[in-house]
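These are the residues of each chain, in order.
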Amino acid sequence: MTKKRCLVLACGALAREVIALREQLGLSEADMVLQCLPAILHNRPALIAPRVEAVLKERRHEFETVLVGYGDCGTAGALDVVLAKYDATRLPHQHCYEFFAGTPKFEAIVDAELGSFFLTDFLARHFERLVWQGLGLDRFPHLLDAYFSHYKDLVYLAQTDNPDLTARAEAAAKRLGLNFVHTHVGYGDLPAALAKAAAHV
Amino acid sequence: MANGDEIILEDLSDDDLVEQMKDDLYDGMADEVHEGTQILLKRGWSANDILANALVEGMRIVGVDFRDGILFVPEVLQCAGAMKSGMGLLRPILAATDSKASLGKFVIGTVKGDIHDIGKNLVGMMLEGAGFEVIDLGINNPVENYLRAIDEHNPAVLGMSALLTTTMPYMGVVIEELDKRGILKTLPVMVGGAPLNQEFADAVNATRYGRDAAVSAELARALVGMNH
């Protein structure tokens, strides 16, 4: 079998961004194959590394390079062990908030307000399912304080300039009782990581 | 008048009531756990026995199922609420009679840079159920807070919690400081939190790693037993 160029095995939360950037890079679906894992895995980070490994075990041999579209994402190094085993790389930093915002901006936000709850375009779009229902607030609304009493701001790290998503993020802030902060960050470190993965032929 | 499906707690034997309370706790039914606790107290059960057999044991089962992915955080919080409803009745009795000798003080806090406390609060509840006097430092604790609490309270155990992979290394900073001051020789330190594991706990020289709230309470009891 002729090896395809690159596999991007990414969190589903990055699907739209990877597709948009692939197009911007002038790459075809065959040049950069995108496979996603469910974003809901972030609710149980211990499952991320085994799920990534299962895919790499099956498909690594098909590709020249593999970029895993996760940060450490709460795996506490377990993902890096899998990547080393299968000669794959991942996105930099601990999580998507940091690689979208960039470390200086991310650290400045957290230094200014430790109680910052972050949304990306994806989370603004899927707030109801992943955050509200994911935390059980649809069934147990009285748990809101247990989850959010120490948070002050909802910081929307926007990848795109989308008034609908901005409105959704603001509505989410209101629902959580948090101050709304809107920061356009774009795609951060993602374009460079994708370009680097695709350059390895 | 009860309908056919409703369970009348008053009609249950002691053993059946305890089992029902464990089920009700698992289902997060705070009113029912409260009622069951009241009934057992009226029947002459000691507060300690109700705590151990119905509440703590019920929460232990919750912890096992959470670990196995059957229950998730929202359900566990509901269960904790049910346990608290029973403990609310027992706490003043335990404090007034001092019937259970305290195992000592357990100082617990989330580390610097971390504002998460759900796990810490669950551990605190189980530690109280196990017989500790819990000194809760809250969230975002620099090493000075832990040192001050150790000085003030002379605890039997120190516990640290973290939910972020970025904050958990700070546990190593605290332990190193305790070691420099010679405190680590006599004060066991437990660590816990979702991103932690035994390997990390060993790497930072923690005494014990508590993988969940119920296990943490059992480990803490064992630590105190070892020191006596």
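Residues numbered from 1 in each chain as written. Chains lettered and ligands numbered in written order. Predicted model: local features only at pLDDT ≥ 70, side-chain atom pairs only at ≥ 80, totals over all residues.

## Overview of the overall build of chain A
Condition: The helix and strand labels rest on DSSP assignments: H or I over at least four residues marks a helix, E over at least two residues marks a strand, and numbering proceeds from the N terminus. Based on C-alpha atoms, the radius of gyration is set beside the globule rule, defined as 2.2 Å times the residue count to the power 0.38. For the exposure call, what matters is how many other C-beta atoms sit within 10 Å of a residue's own: 20 or more marks it buried, 12 or fewer exposed, and in between partly exposed, using C-beta atoms placed from the backbone. C-beta atoms are first placed from the backbone for all residues, and any pair lying within 7 Å is then listed as a contact.
Within chain A one finds 10 helices and seven strands. For a compact globule of 201 residues, the expected C-alpha radius of gyration is about 17 Å, and chain A comes in at 18 Å, within 12% of that figure. The C-alpha extent of chain A, read off along each of the three principal axes, is 55 × 30 × 30 Å. Looking at the 201 residues of chain A, the share that counts as buried comes to 40%. Across chain A, the fraction of contacts at a sequence separation of at least 24, relative to all contacts at a separation of at least 6, is 73%.

## A word on the interface of chain B and chain A
Just so we agree on the cut-off: Ten residue types, Ala, Val, Leu, Ile, Met, Phe, Trp, Tyr, Cys and Pro, are classed as nonpolar, four, Asp, Glu, Lys and Arg, as charged, and the remainder, Gly among them, as polar.
Every contact between the two is made by 15 residues of chain B and, on the other side, 14 residues of chain A. By residue number, the principal contributor to the side of chain B that touches chain A is helix 4 (residues 73-97) of chain B, which donates three residues. A breakdown of the residues in the side of chain B that touches chain A according to their chemical character gives seven nonpolar, seven polar and one charged.

## With respect to the confidence of the model for chain B
As a reminder of what qualifies: On a range of 0 to 100, pLDDT expresses the predictor's confidence in each residue.
Counting all residues, the mean pLDDT for chain B is 93, and 95% of those residues have values of 70 or more. Per the prediction output, this complex has pTM 0.90; the corresponding ipTM is 0.88.

## So, the sheet that holds strand 7 (residues 179-184) of chain A
Residues and elements named next belong to chain A. To keep it simple, the criterion reads: Any two strands are treated as partners once DSSP identifies two or more bridges connecting them. Inter-axis angles, ranging from 0 to 180 degrees, are taken between N-to-C directions of lines fitted to C-alpha atoms, where helices are fitted over the stretch in contact.
Read across the open sheet, the three strands follow the order 5-6-7; overall the sheet is parallel. Of all the strands in the sheet, just strand 5 (116-119) and strand 7 have a single pairing partner and so form its edges. Averaged over all neighbouring strand pairs, the angle between strand axes comes to 25°, with direction disregarded. Two strands pair when backbone bridges link them, and strand 6 (residues 153-158) and strand 7 are joined in this way by six bridges, in the parallel orientation. By the bridge assignment for strand 7, Leu-157 is matched with Thr-183. Sheet contacts for helix 9 (residues 163-176): strand 5, strand 6 and strand 7; angle to strand 6, the most-contacted strand, approximately 165°.

## A closer look at helix 3 (residues 47-67) of chain B
All names here are of chain B. We apply this condition: Take the residue count of a helix, subtract one, and multiply by 1.5 Å to get its expected span. Bend is computed residue by residue as the angle between axes fitted to the seven residues ending at the residue and the seven residues starting at it.
For helix 3, which comprises 21 residues, the first-to-last C-alpha distance of 28 Å matches the rise-based estimate of 30 Å (1.5 Å per residue) to within 8%. The sharpest bend along helix 3 comes to roughly 30°, located at Val-56. Residues of helix 3 that are buried include every one of Ala-47, Ile-50, Leu-51, Ala-54, Leu-55, Val-56, Gly-58, Met-59, Val-62 and Gly-63, and no others. At the exit of helix 3 stands Gly-69, carrying a positive phi of roughly 80°.

## Describing the pairing of strand 3 (residues 157-161) of chain B
All names here are of chain B. Where burial is concerned, most of strand 3 is hidden: five out of the five residues are buried. Burial along strand 3 is two-sided: Val-157, Gly-159 and Ser-161 and Leu-158 and Met-160, pointing in opposite directions, are all buried. Pairing geometry for strand 1 (residues 105-110) and strand 3, over five bridges, is parallel. By the bridge assignment for strand 3, Thr-110 is matched with Ser-161. Here strand 3 runs beside strand 4 (residues 189-192); their pairing, made up of four bridges, is parallel. Paired with Met-160 across the strands is Val-191, a residue of strand 4.

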